[in-house]
Amino acid sequence: MTKRLILLGTGVPTPNLQRGSASSALVKGDDITLVDCGHGAVHSLLKAGEDPIKVSRIFFTHHHFDHNVEFPYLLLTGWVMGRSKPIHVYGPRGTRAFVESVFKTFEIDISCRLDTGVQTRGGLDIRAQDIDEDFTFSGEWRVKCRRVDHLKQLGNYTLGYRFDSEDKSIVFSGDTRPCEAVAELAMGADVLVHECFFSPEFEETGVVQGRKKSHPKLPFIHSNPEDVGIIAKKAGVKKLILNHLWSERNLDDLEKRVRSRFAGEILIGHDGLTVSLQ
Ligand SMILES: [Zn+2]
Ligand SMILES: [Zn+2]
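Since the structure is predicted, the reported quantities are computational estimates derived from the model, not experimental observations. Counting from 1, residues in each chain are numbered in the order their sequence is written. Each chain is given a letter, starting from A, and each ligand a number, starting from 1, according to the order in which they appear as written. Only residues with pLDDT of 70 or above have their local features reported here, since the model is predicted, and side-chain atom pairs are shown and tallied only from 80 upward, although totals for entire chains, interfaces and linings are computed over all residues. Hydrogen atoms and water are omitted, and side-chain values are computed over all heavy atoms in the structure.

A. Structural detail: the side chain of Asn68. Along the chain, the position of Asn68 falls in the loop between strand S4 (55–59) and helix H2 (71–81). Side chain to side chain, Asn68 and His63 meet in a polar contact 3.1 Å long. Contact between two residues is taken to exist if any of their heavy atoms lie within 4.5 Å; hydrogens are not considered. The residues touching Asn68, leaving out its near neighbours within four places in the chain, are Cys37, Gly38, Phe60, His63 and Phe98. Under the scheme used here, helices are H or I runs from DSSP no shorter than 4 residues and strands are E runs no shorter than 2 residues, and both carry numbers assigned from the N terminus. Polar contact is the term for a pair of N or O atoms within 3.5 Å; when the atoms are in protein, one must be able to donate a hydrogen and the other to accept it, and sequence-neighboring residues count only if both atoms are side-chain atoms.

B. The arrangement of the coordination of the zinc ion (ligand 1) in detail. The zinc ion (ligand 1) binds to the protein through Asp66 (OD), His67 (NE2), Asp175 (OD) and His244 (NE2); the donor distances cover 2.1 to 2.2 Å. Shown as donors are all N, O and S atoms within 2.8 Å of a metal ion, widened to 3.2 Å for Na, K and Ca; because water is not in the atom set, sites may appear incomplete. In this scheme the shape depends on donor count and angles: four donors with every angle between 85 and 135 degrees give tetrahedral, four or six donors with opposite pairs above 155 degrees and others between 65 and 115 give square planar or octahedral in turn, and any other case is irregular. Each of the four donor atoms around the zinc ion (ligand 1) contributes to a set of angles spanning 87 to 167 degrees, which defines the coordination as irregular. Positions of the donor residues of the zinc ion (ligand 1), expressed as sequence spacing, correspond to D-H-x107-D-x68-H. Between the two metal centres, the zinc ion (ligand 1) and the zinc ion (ligand 2), the spacing is 3.4 Å, with Asp175 acting as a shared donor. Taken together, the residues His67 in the loop between S4 and H2 and His244 in the loop between strand S12 (239–243) and helix H8 (251–259) connect sequence positions 177 residues apart. The burial state of His67 is the same as that of His244; both residues are buried. With a 1.4 Å probe rolled over the protein chains alone, any residue whose accessible area is under 20% of its type maximum counts as buried; one over 50% counts as exposed, and the rest are partly exposed.

C. Local environment of the coordination of the zinc ion (ligand 2). On the protein side, the zinc ion (ligand 2) has His62 (NE2), His64 (ND1), His150 (NE2) and Asp175 (OD) as donor atoms, found 2.1 to 2.4 Å from it. For the zinc ion (ligand 2), the four donor atoms in the first shell make angles of 93 to 168 degrees at the metal, a pattern classed as irregular. When the donors of the zinc ion (ligand 2) are listed by position in the chain, the intervening gaps give H-x1-H-x85-H-x24-D. For His64, a relative accessible area of 25% puts it in the partly exposed group.

D. Molecular detail of the sheet that holds S12. At least two bridges found by DSSP between two strands is the condition for calling them paired. Pairing in this open sheet of seven strands is mixed, and the strands run S7-S8-S9-S10-S11-S12-S13 from one edge to the other. In this open sheet, the two edge strands, each paired with only one partner strand, are strand S7 (136–138) and strand S13 (265–268). Averaged over all pairs of adjacent strands, the angle between their axes in this sheet comes to 20 degrees, without regard to strand direction. Where strand S8 (residues 142–148) lies against strand S9 (residues 158–164), seven bridges are found, and the strand directions are antiparallel. Opposite Arg147, over in S9, you have Leu159 as the bridge partner. Between the N-to-C directions of two axes lies an angle of 0 to 180 degrees, each axis being a line fitted to C-alpha atoms and, for a helix, fitted only over the stretch in contact.

E. The arrangement of helix H7 (residues 225–235) in detail. Inspection of H7 places Pro225, Glu226, Val228, Gly229, Ile231, Ala232 and Ala235 among the buried residues, and these make up the whole buried set. Buried residues belonging to H7 abut helix H5 (180–185), strand S11 (191–195), S12 and H8. The first or second residue beyond H7 is Gly236, which carries a positive phi of 65 degrees.

F. Here's a closer look at the packing of aromatic side chains. Pairing of aromatic side chains requires ring centres within 6.5 Å, counting the rings of Phe and Tyr and the six-membered ring of Trp. Pairs whose planes differ by under 30 degrees are stacked, by over 60 edge-to-face, and all others tilted. One pass over the full model with this rule turns up 14 aromatic pairs. When the ring of Phe197 is compared with that of Phe220, the centres are 5.2 Å apart and the planes differ by 85 degrees; the resulting orientation is edge-to-face. Within this pair, whereas Phe197 is found in the loop between S11 and helix H6 (200–205), its partner Phe220 is found in the loop between H6 and H7, the two being separated by 23 residues in sequence. You can call Phe220 partly exposed: its relative accessible area is 37%. The cationic tip of Lys28 hangs over the ring face of Trp141; the distance from NZ or CZ to the ring centre is 5.5 Å. Over the ring of Tyr157 we find Arg147; its NZ or CZ atom is 3.9 Å from the centre of that ring. A ring is considered to have a charge above it if a Lys NZ or an Arg CZ atom is located within 6 Å of its centre and within 35 degrees of its normal.

Written out as structure tokens, the structure is:
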């Protein structure tokens, strides 16, 4: 069965015409599993030649909007397109409430489309579940997760995920500071997709590209290039993909800084980047 990883969105919360926000797809035969569903995910699936109604599972790393904002669009376009199977949605605390809130927000459209009789309830079957580190799943992929070091105020938490098939393993760090849990989750993996904070603009001005000002209370909750290299080396992964990118400038420098700590293969993520998992 053919398997591939597609980076659908490799950007961050600030709008960027070259990058959507965080979303990746694992395609296995006729099935699509998403990790996060940031801005542009549906169009990126179409550009990659994939049918959005084949998405059967979505795993949210956390509920910063750059990771979930396109979920309503995926849900509603798939419904209109004729999705006939449920979507299972997993994520940290608040995932069920988030999904319920989407149905509430789009209540007028949903009830009016149902009222016409053109649309039926089929395709609106979304089964959402709040999960934590004790979660495991075995289906198209064997899935496990760990808490990582990112959004965690007010009882919230962020999850990194590992997906194993019979012969390949892919790990997503989620957004995180450098974190032992990611190294443990990624131990011996074929592919590690790791977020990476690299911004020449920030180094020069204290403000990242696309923002108007810095904020003195802004906590640093991401990973520097060297830290990402250290985690990849510790885990012994074969391929490291840098994701969640803040700038288009000096990407050669970004790679050099990661390379200073990690000798394996490094790819700099871009929207549409596809990695065969054969
Ligand atoms: Zn993010
Ligand atoms: Zn985040």
